Amino acid sequence: MKAGVGLIFSLLLLFLMGAVFTQRTPQRKPSGRLATTRKPFVPKRVAPAGPEPQEPTDFPPPILGPPSIFSDCPRECLCHPSYPNSLNCENRNLRVVPVIPLRTHYLYLQNNYISQLTAEPFNNATEVRWVNLANNRIKRIDKQVFEKIPGLLYFYAQRNQLNEVPSGLPTSLEQLRLDRNHISKIPAGAFSKMGNLTLLDLHYNQLNDGALGKNALKDLKNLMQLNLAHNTLKKMPAGVPNSLIQLFLDKNRIDDIPKDYFKDFPHLAFVRLNYNQLSDKGVPKAVFNMSSLLDLQLAHNQLTVVPLFNNHLEHLHLNHNSIESINGTELCPFSITADLNDNSLVPRLRYLRLDGNHLHPPIPMDVVMCFRNLHSVVI
């Protein structure tokens, strides 16, 4: 009896639980409002970034100088009362040349951001003698600039972006430095009537044999120092004035020296031809036998023998060639066994550099006996 009642109770419990689980969730009544659907998120299109700031917008601001006792002193410059003829505008982040006062003789504008030289700032600068524009970004120099400063003596414009030698250079000029530019052209007549020029520095440019024509340097009658190193010359420059004392031609592509190239240079004392392509074939036997020559540099070439030289030579650089032997008997201008009482006849060579060749110590005895003034030999 009790078991039957328990069974009936269990079945009733299962029936009630099934009814609960099968009951549907009642639907909500419409609210009367229109259903809204949320739009999918679409990211906004970002406008492409503009180009990077271009010069001169990325230059630092100009630096103003201190107050000056001179009313005509540009705010960007320094006018020191102890040097009233000097205008110091270097290292000021300048984009343009300020107006130059009449009293200025020495103008310092190096280490700025100047991109061109125009005539207007020089309208009253008739007394300027010295201009330093090194390490700017100059691409163009107006010819009229030099008309405003006819008495200019020194013009320094190295480390700029010039493509050619400026035109209209004043005939009064004594020193011209244009090294480390992009110069590949010397306009016809660029050095016309410049008989006062003593120093011309054009090293580290892009000059080739065609740019350096036969008549390019002919008017430089008093030139003493010519620097054409680090260019692309394949030949010795033509038309070089015979007044020259120093000739620097390092790091070109020169492979030949004409036999009589140096015969009309009575004052030439320093010749540098390091880092070229000179071989024995391109160096005539006695081409360097000049009594005026004191310092001869032929390092980093392709020589296998020591060229003859005059007994007045004091410094000889032959390092990093292909020399295998050195014969003092052949090089000596007198017999090694001779007893010379006159020291003026003894070769003056004091410094000899031979390292980087196929030579090994010791130094041959005939070299020591001949070159009795040798103080240093690098081998």
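Quick caveat: nothing in here was measured; it's all calculated off a predicted structure.

### Description of the overall build of the chain
Argument step 1. The secondary structure content of the chain amounts to four helices and 15 strands.
Argument step 2. Each of the 379 residues in the chain was classed as buried or not, and the buried ones make up 41%.
Argument step 3. Counting contacts in the chain only where the partners sit at least 6 residues apart, residues at least 24 apart contribute 46% of the total.
Argument step 4. Of the roughly 22,400 Å² of accessible surface on the chain, 54% is carried by carbon and sulfur atoms.

### Side note on empty space enclosed by the protein
Argument step 1. Under the criterion given, the structure shown has one cavity of 30 Å³ or more.
Argument step 2. Roughly 30 Å³ of internal volume is contained in the largest cavity.
Argument step 3. Looking at the largest cavity, the residues that line it are Val306, Phe309, Leu316, Ile326, Leu331, Leu349, Leu352, Val367 and Phe371.

### As for the layout of surface pockets
Argument step 1. The calculated volume of the largest pocket comes to roughly 300 Å³.
Argument step 2. If you trace the largest pocket, you find 15 residues lining it, with Val305, Val306, Pro307, Glu330 and Leu331 closest to the centre.
Argument step 3. Considered class by class, the residues forming the lining of the largest pocket number nine nonpolar, three polar and three charged.
Argument step 4. The space that makes up the second largest pocket amounts to roughly 180 Å³.
Argument step 5. Around the second largest pocket, the lining comprises 13 residues; the ones closest to its centre are Pro187, Ala188, Gly189, Asn215 and Ala216.
Argument step 6. Of the residues assigned to the lining of the second largest pocket, the class counts are seven nonpolar, four polar and two charged.

### Points about the confidence of the model for the chain
Argument step 1. Scored by pLDDT, the chain has a mean of 87; 83% of the residues are at 70 or more.
Argument step 2. The low-confidence segment residues 32-37 (pLDDT under 50) makes zero contacts with residues lying over four places distant or belonging to another chain.

### Brief notes about the packing of aromatic side chains
Argument step 1. Counted according to the given criterion, the structure contains ten aromatic pairs.
Argument step 2. Where Tyr261 meets Phe265, the ring centres are 6.0 Å apart and the plane angle is 25°; that geometry is what we call stacked. The same class applies to Tyr261 and to Phe265, which are both buried.
Argument step 3. Within the aromatic cluster, the residues linked to one another by ring pairs are Tyr106, Trp130, Tyr154 and Tyr156.
Argument step 4. In this structure, Arg103 is placed above the aromatic ring of Phe70, and the distance from its NZ or CZ to the ring centre is 4.1 Å.
Argument step 5. Here Lys251 stacks its cationic end above the ring of Tyr275, 4.8 Å away from the centre of that ring.

### Some remarks on the environment of Phe334
Argument step 1. Considering the arrangement of structural elements, one finds Phe334 in the loop between helix H3 (328-331) and strand E14 (351-353).
Argument step 2. Using a relative accessible area of 15% as the deciding quantity, one classes Phe334 as buried.
Argument step 3. Remark: the alpha-carbon pair of Phe334 and Val346, spanning twelve residues in sequence, is separated by 8.4 Å.

### A look at the nonpolar core
Where a protein is soluble and globular, its nonpolar side chains tend to be buried together.
Argument step 1. Counting residues in hydrophobic clusters, the biggest one holds 89 residues, and the most contacted among them are Phe155, Phe191, Leu200, Phe262, Leu273 and Phe288.
Argument step 2. Those elements giving two or more residues to this core turn out to be helix H2 (144-148) and helix H4 (365-370).
Argument step 3. Not counting chain neighbours up to four residues away, the residues in contact with Leu273 comprise Met236, Leu249, Asp250, Ile254, Ile257, Leu278, Phe288, Gln297, Leu298, Ala299 and Asn301.

### Details of the pattern of salt bridges
Should the charged atoms of two oppositely charged side chains come close, the side chains can pair.
Argument step 1. According to the stated counting rule, one finds nine salt bridges in the structure shown.
Argument step 2. Here Lys218 and Asp219 are joined by a salt bridge, their closest N and O atoms 3.3 Å apart.

### What about the side chain of Asn357?
Argument step 1. Turning to its location among the elements, Asn357 is positioned in the loop between E14 and H4.
Argument step 2. Taking relative accessible area as the criterion, Asn357 reaches 13% and is therefore assigned buried.

### A word on the environment of Arg159
Argument step 1. Along the chain, Arg159 turns up in the loop between strand E6 (154-156) and strand E7 (175-177).
Argument step 2. Placed 24 residues apart in sequence, Arg159 and Asn135 show a C-alpha to C-alpha distance of 4.6 Å.

### Here we look at the state of the cysteines
By definition, a disulfide is the covalent link that joins the sulfur atoms of two cysteine residues.
Argument step 1. Taken as a whole and judged by the stated rule, the model has three disulfides.
Argument step 2. Covalently, Cys73 is tied to Cys79 through a disulfide, its sulfur atoms 2.1 Å apart. An S-S torsion of about 95° defines the bridge between Cys73 and Cys79 as right-handed. No difference in accessibility class separates Cys73 from Cys79, as the two residues are buried.
Argument step 3. Here Cys77 pairs with Cys89 through a disulfide, and the sulfurs are 2.0 Å apart.

Cut-offs used in this document
Residues numbered from 1 in each chain as written. Predicted model: local features only at pLDDT ≥ 70, side-chain atom pairs only at ≥ 80, totals over all residues. Heavy atoms only, no water. Helix = DSSP H or I, 4+ residues; strand = E, 2+ residues; numbered from the N terminus. Buried < 20%, exposed > 50% of the residue type's maximum accessible area, 1.4 Å probe, protein only. Contact = heavy atoms within 4.5 Å. Areas by Shrake-Rupley, 256 points an atom, 1.4 Å probe, with all protein chains shown as cover. 1 Å grid on protein atoms, 1.4 Å probe; cavity = no way out; pocket = protein on both sides within 12 Å on 5 of 7 lines; lining within 4 Å. Points joined across faces, edges and corners; volume = space filled by probe spheres on them. Nonpolar A, V, L, I, M, F, W, Y, C, P; charged D, E, K, R; others polar. pLDDT = per-residue confidence, 0-100. Phe/Tyr/Trp six-rings, centres within 6.5 Å; stacked < 30°, edge-to-face > 60°. Lys NZ or Arg CZ within 6 Å of the ring centre and 35° of its normal. Core = buried A, V, L, I, M, F, W, Y, C linked by side-chain atoms within 4.5 Å. Salt bridge = Lys/Arg side-chain N within 4 Å of Asp/Glu carboxyl O. Disulfide = S-S within 2.5 Å.

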